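Observations on the model geometry
So you can see what is in the structure, the chains are spelled out below.
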Amino acid sequence: MRKIQWLAIPGLVALLAFVPAGQAQQRSRSFSIGYVYPAGAQQGTTSEHVIAGQFLSGITNIHVTGGGVTATLADFIHPIQGKELNELRILVDELTAKKAVVRKDFKALENFRSFKNAKSIKKDSAEEDKEIEALKKKYADATWTAEDEKQLNEARRRISGGVRRPANPAICELAVCNITVAPDAEPGQRELRLVTAGGISNPLVFHVGQMQEFSEPASKSIAQQVSAVARIASARNTKPKTVMSVTLPAVVNGQILPGEVDRFRFNATKGQKLVIAVNAQQLIPYISDAVPGWFQATLSLYDSQGKEMAYTDDFRFNPDPVIYYEVPADGEYVVEIKDSIFRGREDFVYRITIGETPFITSIFPLGGPAGEKTTVQLKGWNLPVTSLTLDDSHKTPGIYPLSVRKDNHVSNFMPFAVNTLPECLAEKSRGGKSHAQRVTLPIIINGRIAKSDDSNVFCFDGKAGQEIVAEVMARRLNSPLDSVLKLTDATGNQIAFNDDNTDRGAGLTTHHADSYLTATLPKDGTYLLYISDTQHKGGPEYGYRLRISAPQPDFALRVVPSSLNARTGNSVSATVYALRKDGFSEPVSILLKDAPPGFKLDKVLIPANTNQVKIALTTPLAPQDEPATLKLEGRATVNGSEIVHAAVPAQDMMQAFEYRHLVPSQALEVTVRGAFMPKGIGTVVKILSDLPIKIPAGGTAKVRLAAPPKAAGKVRLELAEAPAGIVIKSVSPSDDGMDVELGSDAAKLKPGQKGNLIVDAYSAPPPPPPPSKKSKVNPKPKPVFKGRPLGILPLIPFEVVAP
């Protein structure tokens, strides 16, 4: 619940002189994009694409990361409502009347319905005759041109096509654009964002490909999307959908609407080793209002006689299906894609790669030590090599992408982990604790569960009171292993056990199948650690990295959202999440790294034992022509040593109405809009109180703010995303500026809780007039006008203390 307060503040309203009304309007509505179709393009081509979203008016740029990709806006289509619809109807009425007069079609003129009649204002026959005579006089000397006819038809088309309410308002507006990819543009995954007068949108995945692309024309897709009724009727049409013919190698783009099945025909020759790989969930990881939260594609392959040759609905644990097929005979083949339960909607977008392309199915080991070279075994299809030697001599700990090239085609990417701890290979399993492999801690063991119902056992010596951490990295490194860990003493007494452990840093992982356990050893002696697959599966691809060590306190950071919109000379807020590891509890300082001129971030601290904090980024005084790419980093001290990590940009995405994921983005992009601002509210207002503000649990605390004592006016203060239990109780003028009284709910807050408060400031409309004595008892509530946004006040650090 947001607490709102109104206040007459001397000086603050003077800011309005620098904020034109149009530029001051902050979007309270959700400016977002939901899909791009097609979701990729070939090097060296220009193609038409549709970007769908909500509140997209005023598009100024289409921003794609990575370079070598440019885009221009060709058209903008949106549902027509309100004022725009009325203006179109008036235009149609006027043109219809003009056409009837010029062509002396007085019967049509008598049937003419004016805009006033459209508003159900009744007229008698004399008044109607008078109006018709006025129209005859108005257009007596007019001519009817081809341009008039075109304008009339266009207005009618827009009314008939845009009036209907869209099935999904979040993707009801369409930006049609032409995207050009340079011949030397680096292939792979990019991020696409729209830029409007209001700022920059959330990112969407966009692929730069190397093969010829086949898609339904973008104009056809637009026609299917303009009317919800037409879309559903088209999807339920009893006529079979046309099978598109493609030439291999190829990338096929499509969308699945309700009940649809898409098919594509191609010629193949005997002996070809085809990889047919779908990108669907990889394009749009999570859909908030669909279950299971993504487009669950199924993939089938048929021969020319219609016989099914292959089928799959996933690839191991990944929702996107992949088929490998060795062609037995020359001929025509058909690939078919649909939703597993015949659902469909416009954002069920997919890309299918078909050809003799390289595809890595597994690697071993899944990682290696920093500062050394590691030989990695590769398994897969159409690979140019079966092993690679990776030079990790200059790499810091982390996860890096691994791929290969064949005939200039880049394979899929596999994650490869790099760490600083000693490493070893697991010995071939011989079963039972009598064959346990002895290791010395700390250690990272690279192993496999080589067959079904297998397990690996490791023994080590421990001391009483010694803290032990055992962590598996497998699913997060694209291994199908669903691990389980069990720690026992030498006699078999179980000390600790774990199946699954959630890692919030793995935002694209839906089943957190990696195990993690901690234990304090009860006595000196030998201990056994067992690892196996909880589903009793195994094979060469079931690799893992098992860390056994004392706790290694560490952290990772995510900054949300990855697209920020700000006004000149003001501040914009974001949230930084601390993902703490191995009991790390220390404070983390957040800093802006190598910032472009004009961007500032006061030193922010994520308090000890706190997992997130709000930050306020100050923007330049002048507007920026292009989005700025910013980098944040976090610093902390552990056991006397400083740890530094980059803050990874991310989007907080919802899956299937409930689950939330921090999905990594490639860049943190910020737009700065508006006229030159000599001062923003974040610099006009100063905090006079000692920081952090001490708020007694269940009590109140005052924050004194200084503001210029000049022109008087009114502003409205509103806490933004405040912790549950903290509200603004009152705001009152003071000699220095104002006092803000904060209240707290003891049932929702605990002493020791820390963080930052973000306070939005708005110009306040005049107070509503007192209710009239003649007014209704329960009048219909009118929408609340928030006022023009002035920006955010300086961050207010707080700490909850005992009452």
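Right above here is the structure, for reference.
The present account deals with the structure reproduced in this document. If you're wondering where the values come from, they're calculated on a predicted model, not measured in any experiment. (Residues numbered from 1 in each chain as written. Predicted model: local features only at pLDDT ≥ 70, side-chain atom pairs only at ≥ 80, totals over all residues. Heavy atoms only, no water.)

**Thoughts on the sheet that holds strand β23 (residues 373-381)**
Strand order in this open sheet of three strands is β21-β23-β24, and the pairing throughout is antiparallel. Here the strands that pair on one side only, and so sit at the sheet edges, are β21 (359-364) and β24 (387-391). Neighbouring strand axes in the sheet, compared pairwise and without regard to direction, differ in orientation by 35° on average. Summarising the sheet, β23 and β24 pair through five bridges and their orientation is antiparallel. Across the sheet, threonine 374 pairs through a bridge with leucine 390, a residue of β24. (Pairing = 2+ DSSP bridges. Helix = DSSP H or I, 4+ residues; strand = E, 2+ residues; numbered from the N terminus. Axes fitted to C-alpha atoms, helices over the stretch in contact; angles between N-to-C directions.)

**Structural notes on the packing of aromatic side chains**
For the structure on display, the rule yields 10 aromatic pairs. Relative to tryptophan 381, the ring of tyrosine 324 has its centre 4.9 Å away and its plane inclined at 10°; by these criteria the two rings are stacked. A residue pair is termed long-range when its members are at least 10 positions apart, and tyrosine 324 in strand β18 (residues 322-326) and tryptophan 381 in strand β23 qualify at 57 residues. Note on tryptophan 381: relative accessible area 18%, which makes it buried. Considering the side-chain rings of phenylalanine 359 and tryptophan 381, the 5.4 Å spacing of their centres and the 20° angle between planes classify their relative orientation as stacked. With phenylalanine 359 in strand β21 and tryptophan 381 in strand β23, this pair connects stretches of sequence that are 22 residues apart. Each of the two residues, phenylalanine 359 as well as tryptophan 381, counts as buried. Grouping aromatic residues by their ring pairs yields a cluster made of Phe315, Tyr324, Phe359 and Trp381. We note arginine 448 situated over the ring of phenylalanine 364; from NZ or CZ to the ring centre the distance is 4.0 Å. Over the aromatic face of phenylalanine 317 sits the side chain of arginine 475, whose NZ or CZ is 4.3 Å from the ring centroid. (Phe/Tyr/Trp six-rings, centres within 6.5 Å; stacked < 30°, edge-to-face > 60°. Buried < 20%, exposed > 50% of the residue type's maximum accessible area, 1.4 Å probe, protein only. Lys NZ or Arg CZ within 6 Å of the ring centre and 35° of its normal.)

**Side note on the sheet that holds strand β53 (residues 726-733)**
An order of β49-β51-β54-β53 is seen for the four strands of this open sheet, with the pairing classed as antiparallel. The strands lining the two open edges of the sheet, one partner per strand, are β49 (686-687) and β53. As paired strands, strand β51 (residues 700-706) and strand β54 (residues 737-744) are joined by seven bridges and run antiparallel to one another. Along β54, the bridge assignment pairs arginine 704 with aspartate 739.

**Observations concerning the pairing of strand β10 (residues 204-209)**
Extensive coverage of β10 is indicated by the burial of six of its six residues. Strand direction decides the pairing type here: strand β8 (residues 188-196) and β10, joined by five bridges, are antiparallel. In the strand pairing of β10, glutamine 189 is matched with histidine 207.

**Here we look at the pairing of β8**
Burial analysis of β8 places eight of its nine residues in the buried class, the great majority of the element. Sheet topology note: the strand β5 (residues 59-64)/β8 ladder contains five bridges and is antiparallel. Looking at the pairing, isoleucine 62 lines up with leucine 194 of β8.

**Re helix α2 (residues 82-102)**
Its 21 residues place the ends of α2 31 Å apart at the C-alpha level, agreeing with the 30 Å of an ideal helix rising 1.5 Å per residue. Taken residue by residue, α2 has Leu85, Leu88, Val92, Asp93, Leu95, Ala97, Lys98, Ala100 and Val101 as its buried positions. (Expected span 1.5 Å × (residues − 1).)

**Notes on the environment of valine 410**
Within the secondary structure layout, valine 410 lies in strand β27 (residues 409-410). Along the sequence, valine 410 and proline 187 sit 223 residues apart, while their C-alpha atoms lie 7.9 Å from each other. In this structure valine 410 touches Pro187, Gln210, Pro358, Ser403, Val404 and Arg405, once residues within four positions along its chain are discounted. (Contact = heavy atoms within 4.5 Å.)

**Comments concerning the pattern of salt bridges**
This structure, assessed with the given rule, holds 24 salt bridges. Glutamate 213 is paired through a salt bridge with arginine 351; the nearest N and O atoms lie 2.9 Å apart. Residue glutamate 213 is located in strand β11 (residues 212-215), and its partner arginine 351 is located in strand β20 (residues 349-355); the two are separated by 138 residues in the primary sequence. Across this residue pair, the class does not change: glutamate 213 and arginine 351 are buried. Two residues, arginine 547 and glutamate 471, come together in a salt bridge whose shortest N-O distance is 2.9 Å. (Salt bridge = Lys/Arg side-chain N within 4 Å of Asp/Glu carboxyl O.)

**A word on unusual backbone geometry**
Here the residue pair tyrosine 37 and proline 38 is connected by a cis peptide bond, since its omega of -10° sits within 30 degrees of zero. In this structure, proline 292 follows valine 291 across a cis peptide bond, with omega equal to 15°. One can find proline 292 in the loop between β15 (273-279) and β16 (297-303). Unusually for a residue other than glycine, aspartate 594 sits at a positive phi of about 50°.

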